[in-house]
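Survey of secondary and tertiary structure
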Amino acid sequence: MSQITEKVAALEEEATSRIQAASKKEELNELFAKYLSKKGEVSSLMSLMREVPNEEKASFGQAVNACKNNVTKAYNEKKEAFEKEELAAKLANEKIDVTLPGNTLQQGHINPYYLIIDEVTDIFLDMGYEVVEGRDVETDRFNFELLNVPKDHPSRDMQDTFYISEELLLRTQTSAAQAHTMCDKNPKGPIKMICPGKAYRRDDDDMTHSHQFAQIEGLVIDKNISIANLKATLELFAKKMFGEKREIRLRSSYFPFTEPSVEVDVSCFNCGGKGCAMCKGTGWIEILGAGMVNPKVLEMCGYDPNEYSGFAFGVGVERVAMLRYGVDDIRRFYQNDVRFLKDYVGK
Ligand code: DAH
């Protein structure tokens, strides 16, 4: 073998063994550049042809081709080996352990007092009531005056008010929606409505008081409405809300916008009336205030009290929710604690 052909063999030996020994893909890429790229050492061998004597040109050419083929083959094999290794590593990395606990999706939950509002609303919708949307910012006139609470009336002290201006306030009771509905009704005629919504009072927050709370107001106006209609309606409501076996009793009370006024108790749904901690041993639980619409209110809202009469009631939503779900602190409804909200889903 001539010297120059020996050089080819030596280069082939060097290139293939270095390629085979490459430990990283980057190293292999460097070796490709060194030997096989356009200006690489193997690719440049042909340029030596000029120095080869004529009789050896053919065998030199064959040797160069063989060298190129063998080095390329070694390169391709090594490249494939790296790719396989890479794939295997990737697969090992991405292995999914199906026995691992999944990532649970954080889900939002309906506040339980909205569950109560929905439930009460459904009960009254079934009885043919319409749902009226009131407003949180009210005028003194609708929140108090039209409900028979003039400016100097002592009952204003019962409801400490957030005033925005002398005339504007945050409504202290959804009863304001009664006055709106009656005033808006034109021509005057029968009304059957409920108004669920928020109310606000300047109370110091504690376990049973919150400066913001929810009420559901109810109002029925028609000819010949009597307290018997009120009792029958609330009895039906109590049975649907708290169970078929529930009974109600009316206790005399006072609200300026109703005459007579009553407080309504439901027989304890925890002990069935025998007496327990929930009903404080009395067998009865107070759930709402109600009464016959005061003729003065009818008159101020444009109804002739000689022709029309009606009843009204107001349910404290959180109170019902606390009883229903065994919540001991009203502030829980407003703290947005997901753990609390979660506990009541589906109940
Ligand atoms: N507005 C009363 C309150 O906030 C609740 C109430 C009592 C509403 C009697 C009524 C009613 O409609 O007739 O304490």
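Residues numbered from 1 in each chain as written. Predicted model: local features only at pLDDT ≥ 70, side-chain atom pairs only at ≥ 80, totals over all residues. Heavy atoms only, no water.

Overview of the pattern of salt bridges
Which entries qualify depends on this criterion: Any carboxyl oxygen of Asp or Glu within 4 Å of a side-chain nitrogen of Lys or Arg constitutes a salt bridge here. Under the DSSP-based scheme used, a helix requires at least four consecutive residues in state H or I and a strand at least two consecutive residues in state E, with every element numbered from the N terminus. The classification of residues rests on relative accessible area computed with a 1.4 Å probe and restricted to protein chains. Under 20% of the type maximum is buried, over 50% is exposed, and intermediate values are partly exposed.
Counting across every chain of the model gives 14 salt bridges. Among the salt bridges present, the one from Glu-86 reaches Lys-25, with a minimum N-O distance of 3.7 Å. Taken together, the residues Glu-86 in helix H3 (residues 57-93) and Lys-25 in helix H2 (residues 25-36) connect sequence positions 61 residues apart. When its relative accessible area of 44% is taken as the criterion, Glu-86 is described as partly exposed. By sharing partners, the salt bridges in this structure join Asp-140, Glu-145, Lys-151 and Glu-167 into a single network.

Details of the sheet that holds strand S8 (residues 284-293)
This is how it is decided: The pairing criterion for strands is at least two bridges between them, as found by DSSP. It only takes one pair of heavy atoms within 4.5 Å for two residues to be counted as in contact. To get an axis, a line is fitted to the C-alpha atoms, and for a helix only the part in contact is used. The angle between two axes follows their N-to-C directions and goes from 0 to 180 degrees.
The seven strands lie next to each other as S1-S4-S5-S9-S8-S7-S6, forming an open sheet whose pairing is mixed. Looking at strand neighbours, the two that pair on one side only are strand S1 (130-131) and strand S6 (248-255), the edges of this open sheet. Where helix H7 (residues 227-242) meets the sheet, its contacts fall on S6, strand S7 (258-267), S8 and strand S9 (309-316), and the angle it forms with S8 comes to roughly 150°. Its contacts with the sheet place helix H9 (residues 317-325) against strand S5 (212-222), S8 and S9, and it is angled at close to 55° to S9.

Notes on the packing of aromatic side chains
Each aromatic ring pair is described using two quantities: the centre-to-centre distance and the angle formed by the ring planes. The condition is simple: Ring pairs shown here join Phe, Tyr and Trp side chains whose ring centres sit within 6.5 Å, with only the six-membered ring taken for Trp; geometry is labelled stacked below 30 degrees between planes, edge-to-face above 60, and tilted in between.
According to the stated counting rule, one finds 12 aromatic pairs in the structure shown. With centroids separated by 5.1 Å and ring planes inclined at 90°, the aromatic side chains of Tyr-303 and Tyr-308 adopt a geometry described as edge-to-face. Here Tyr-303 matches Tyr-308 in class, with each residue buried. Members of the aromatic cluster, connected to one another through ring pairs, are Tyr-113, Tyr-114, Phe-333, Tyr-334 and Phe-340.

With respect to a nonpolar patch on the surface
Note the following rule: Within the patch definition used here, like charges are joined within 9 Å and nonpolar side chains (Val, Leu, Ile, Met, Phe, Trp, Tyr) within 5 Å, considering only residues with over 30% relative accessible area and no salt bridge. Here the open area of atoms and residues is found with the Shrake-Rupley method and a 1.4 Å probe, where only the protein chains shown may cover a residue.
Taken together, the side chains of Val-137, Ile-164 and Leu-168 present a nonpolar region at the surface, about 230 Å² in accessible area. Looking at the secondary structure, you find Val-137 in strand S2 (residues 137-139). Its relative accessible area of 40% is what places Val-137 among the partly exposed residues.

Re the site of the ligand
For the record, the criterion: Note on terminology: near, applied to a residue and a molecule or strand, indicates that one of the residue's heavy atoms is within 4 Å of it. For this analysis, a polar contact is any N or O atom pair within 3.5 Å, provided that within protein one partner can donate a hydrogen and the other can accept it, and provided that sequence-adjacent residues contribute only side-chain to side-chain pairs. Throughout, the protein atoms alone are placed on a 1 Å grid, and a set of points is a cavity if a 1.4 Å probe fits but cannot get out or a pocket if it is open with protein on both sides within 12 Å along at least five of seven lines; lining residues have an atom within 4 Å of a point. Those molecules having more than half of their atoms within 2 Å of a cavity or pocket grid point set are described as sitting in that cavity or pocket. Residues were grouped as follows: Ala, Val, Leu, Ile, Met, Phe, Trp, Tyr, Cys and Pro as nonpolar; Asp, Glu, Lys and Arg as charged; and all remaining residues, including Gly, as polar.
In the region of the ligand, 16 residues are neighbours, and Gln-173, Ser-175, Arg-201, Gln-215 and Glu-217 sit closest. Contact distances for the ligand include 2.8 Å between an oxygen atom and a side-chain N or O atom of Gln-215. Starting from 350 Å² of accessible surface for the ligand in isolation, the protein chains cover 91%. In a pocket analysis with a 2 Å cut-off to the grid points, the ligand is assigned to the largest pocket. Among the secondary structure elements, those contributing two or more residues to the shell around the ligand are S5, S8 and S9. For the shell around the ligand, the per-class residue count stands at five nonpolar, nine polar and two charged.

Notes on the layout of surface pockets
Note the following rule: Grid points are joined across faces, edges and corners, and a volume is the space filled by probe spheres set on the points.
Each pocket or cavity is described by its volume, and for the largest pocket that value is around 1300 Å³. Together, 50 residues line the largest pocket, and Thr-208, Glu-286, Ile-287, Gly-316 and Arg-319 are the ones closest to its centre. Put simply, the parts of the chain that give the lining of the largest pocket at least two residues each are S5, S6, S7, S8, S9 and H9. Tallying contributions element by element places S8 first for the lining of the largest pocket, with eight residues.

Some details on the pairing of S9
For a regular strand, the rule is simple: side chains alternate between the two faces of the sheet. For S5 and S9, the ladder comprises eight bridges, and the chain directions are antiparallel. In the sheet register, Gln-215 faces S9, and the bridge partner there is Gly-316. Bridge analysis of S8 against S9 gives five bridges, and the strand direction is antiparallel. By the bridge assignment for S9, Gly-291 is matched with Ala-312.

A short note on the packing of helix H4 (residues 112-126) against H9
Working note: a packed helix pair is described by the angle between its axes plus the distance between those axes. Threshold: Roughly parallel means an angle under 35 degrees; roughly antiparallel, over 145; roughly perpendicular, 65 to 115; everything else is oblique.
Between H4 and H9, whose axes approach to 9 Å, the crossing angle comes to 105°. Compared by their axis directions, H4 and H9 come out roughly perpendicular. Contacts from Pro-112, Tyr-113, Leu-115, Ile-116, Ile-117 and Glu-119 in H4 reach Val-317, Glu-318, Val-320, Ala-321, Arg-324 and Tyr-325 in H9. Residue composition of the contact of H4 with H9, by class: nine nonpolar, no polar and three charged.

Topic: unusual backbone geometry
For the peptide bond that leads from Asn-186 to Pro-187, omega is 0°, which places it in the cis range. Along the chain, Pro-187 turns up in the loop between helix H6 (176-184) and strand S4 (191-200). The step from Glu-259 to Pro-260 runs through a cis peptide bond, and the omega angle for that step is -5°. One can find Pro-260 in strand S7. Positive phi, normally seen in glycine, also occurs at Asn-148, with a value near 70°. By the secondary structure assignment, Asn-148 is in the loop between helix H5 (140-143) and strand S3 (168-170). Look at Asn-336: it is not a glycine, yet its phi comes out positive at around 55°. Here Asn-336 lies in the loop between H9 and helix H10 (338-343). The exposure class assigned to Asn-336 is exposed, which follows from its relative accessible area of 60%.

Fair warning: the whole summary comes from geometry, so function is off the table for now.
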